[in-house]
Amino acid sequence: MKRFQLMFLSVGVFIAIMSTSLFAAPIGVPGATVGANKSVIGPELNFVFDRDLAAGGEAESTQAFAKGEVGLTDRVDLNMRIGFGQFELKNIPGPDVDTDAGPAFGLGLKVTWAQIPDANVKIGSVLQTVRIRAEDGDNRFSWSEYDAALGVYLDAGSHSPRAGQAALVPYGGIVWSGLDINGGAAEDDTFGLFLGVLARMGGNFQVGIELRIPDQTALGINAGFAF
């Protein structure tokens, strides 16, 4: 397992160095780390219905990822994403942009750093980037977004669901999100909110949904299998 974690980390660092554009993704449950030597893998879909750009522009996007989380320690996770994404840019200087699907990569860290035992609440942070490059005709475009989030969640770990039942984990917080388009700053608003709920099924299966507002209107849907 330690070799697997080292390989995962090495690949993630390589992607972070070699890629030249970033795209945001759902924050996920802040502080809900998987635990040392444990992992979660599964699919993730993200729909950005609207993000305001500087000078009155707007952006939309759809992305599909395979996501993996690896517990480096009991309090720190490494998150990785690999998949595809496309985006549209409207009301920008010059012609509008509507790209085809292009490759996307992501890397991030999730940290649990505080808890309130009496309230069954945990507090954590997420730092992440997701990289996408895509083409519109003969032109290649990049979108770079950086997320730093602080949030809380209601820990359902002490209430393990039985088969056929689900334990719900509500969460939310604030997020700072910077945006570059083709290397230039393009964001209109940088601070937003995220709200979501994760359902842990009997066994090791989980599904979740997340909303991000008002800096962008985005909906994320994910599933995972823990092992």
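In what follows, the structure referred to is the one given above.
Cut-off values and rules
- Residues numbered from 1 in each chain as written.
- Predicted model: local features only at pLDDT ≥ 70, side-chain atom pairs only at ≥ 80, totals over all residues.
- Heavy atoms only, no water.
- Patch = residues over 30% accessible without salt bridge, like charges linked within 9 Å, V, L, I, M, F, W, Y side chains within 5 Å.
- Areas by Shrake-Rupley, 256 points an atom, 1.4 Å probe, with all protein chains shown as cover.
- Salt bridge = Lys/Arg side-chain N within 4 Å of Asp/Glu carboxyl O.
- Helix = DSSP H or I, 4+ residues; strand = E, 2+ residues; numbered from the N terminus.
- Buried < 20%, exposed > 50% of the residue type's maximum accessible area, 1.4 Å probe, protein only.
- Pairing = 2+ DSSP bridges.
- Core = buried A, V, L, I, M, F, W, Y, C linked by side-chain atoms within 4.5 Å.

Asker: Let's hear about a nonpolar patch on the surface: which residues, and what values?
Answerer: Residues Trp113, Leu150, Ile174, Leu193, Leu211 and Ile213 make up a contiguous nonpolar surface patch of about 510 Å² in total accessible area. Checked against the element boundaries, Ile174 lands in strand β8 (residues 166-181). By relative accessible area, Ile174 is classed as partly exposed at 46%.

Asker: An account of the pairing of strand β12 (residues 216-226) is requested, with residue identities and associated values reported.
Answerer: Examined bridge by bridge, strand β1 (residues 39-52) and β12 share nine bridges and lie antiparallel to one another. Bridge assignment links Asp50 to a residue of β12, and that residue is Thr217. With eight bridges joining them, strand β11 (residues 205-213) and β12 adopt antiparallel strand pairing. The residue bridging Leu211 from the neighbouring strand is Leu219, located in β12. Hairpin connection of β11 to β12: two residues between the antiparallel strands.

Asker: If you had to explain the pattern of salt bridges to someone new, which residues and values would you point to?
Answerer: Opposite charge on two side chains allows them to pair when their charged atoms are near. Here the structure, examined in full by the defined rule, presents nine salt bridges. For Lys67, the salt bridge goes to Glu44, with nearest N and O atoms at 3.9 Å. Placement of the pair is Lys67 in strand β2 (residues 58-71) and Glu44 in strand β1, with a sequence separation of 23 residues. Taking the relative accessible area as the measure of exposure, Lys67 reaches 12% and is therefore buried. For Glu44, a relative accessible area of 3% puts it in the buried group. We note a salt bridge from Asp147 to Arg212, for which the minimum N-O separation is 3.0 Å. A residue pair is termed long-range when its members are at least 10 positions apart, and Asp147 in strand β7 (residues 139-154) and Arg212 in strand β11 qualify at 65 residues. Both residues of the pair, Asp147 and Arg212, belong to the buried class. Three or more residues are tied together by salt bridges with common partners; here these are Glu44, Lys67, Glu69, Arg81 and Lys110.

Asker: Got a sec to walk through the nonpolar core? Specific residues and values, please.
Answerer: Counting residues in each nonpolar core, the largest one holds 16 residues, and the members touching the most others are Leu53, Phe87, Leu89 and Trp143. Counting residues per element, this core draws most heavily on strand β6 (residues 121-136), which supplies three residues. Of all hydrophobic cores here, the second largest spans 11 residues; its members include Ala32, Ala149, Val175 and Phe194.

Asker: So what's going on with unusual backbone geometry? Residues and values would help.
Answerer: The amide bond that connects Ile213 to the next residue, Pro214, takes the cis arrangement and shows omega of -15°. With respect to the secondary-structure elements, Pro214 resides in the loop between β11 and β12. Residue Asn37 is not a glycine yet carries a positive backbone phi of 65°. You can see Asn37 is positioned in the loop between α1 (2-18) and β1. A relative accessible area of 36% places Asn37 in the partly exposed class. The phi dihedral of Asn120 is positive, around 60°, even though this residue is not glycine. On the basis of relative accessibility, which here comes to 26%, the residue Asn120 falls in the partly exposed class.

Asker: Just give me the short version of the pairing of strand β3 (residues 76-90), but keep the residues and values in it.
Answerer: Note that β2 and β3 share 14 bridges and pair antiparallel. From the neighbouring strand, Lys67 faces β3, where its bridge partner is Arg81. Between β2 and β3, which pair antiparallel and follow one another directly, the connecting turn spans four residues. Strand direction decides the pairing type here: β3 and strand β4 (residues 97-98), joined by two bridges, are antiparallel. For Leu89, the partnering residue across the bridge sits in β4 and is Val97. The turn linking β3 back onto β4 is made up of six residues, and Asn91 within it adopts a positive phi angle of 55°.

This is a description of form; function is not addressed.
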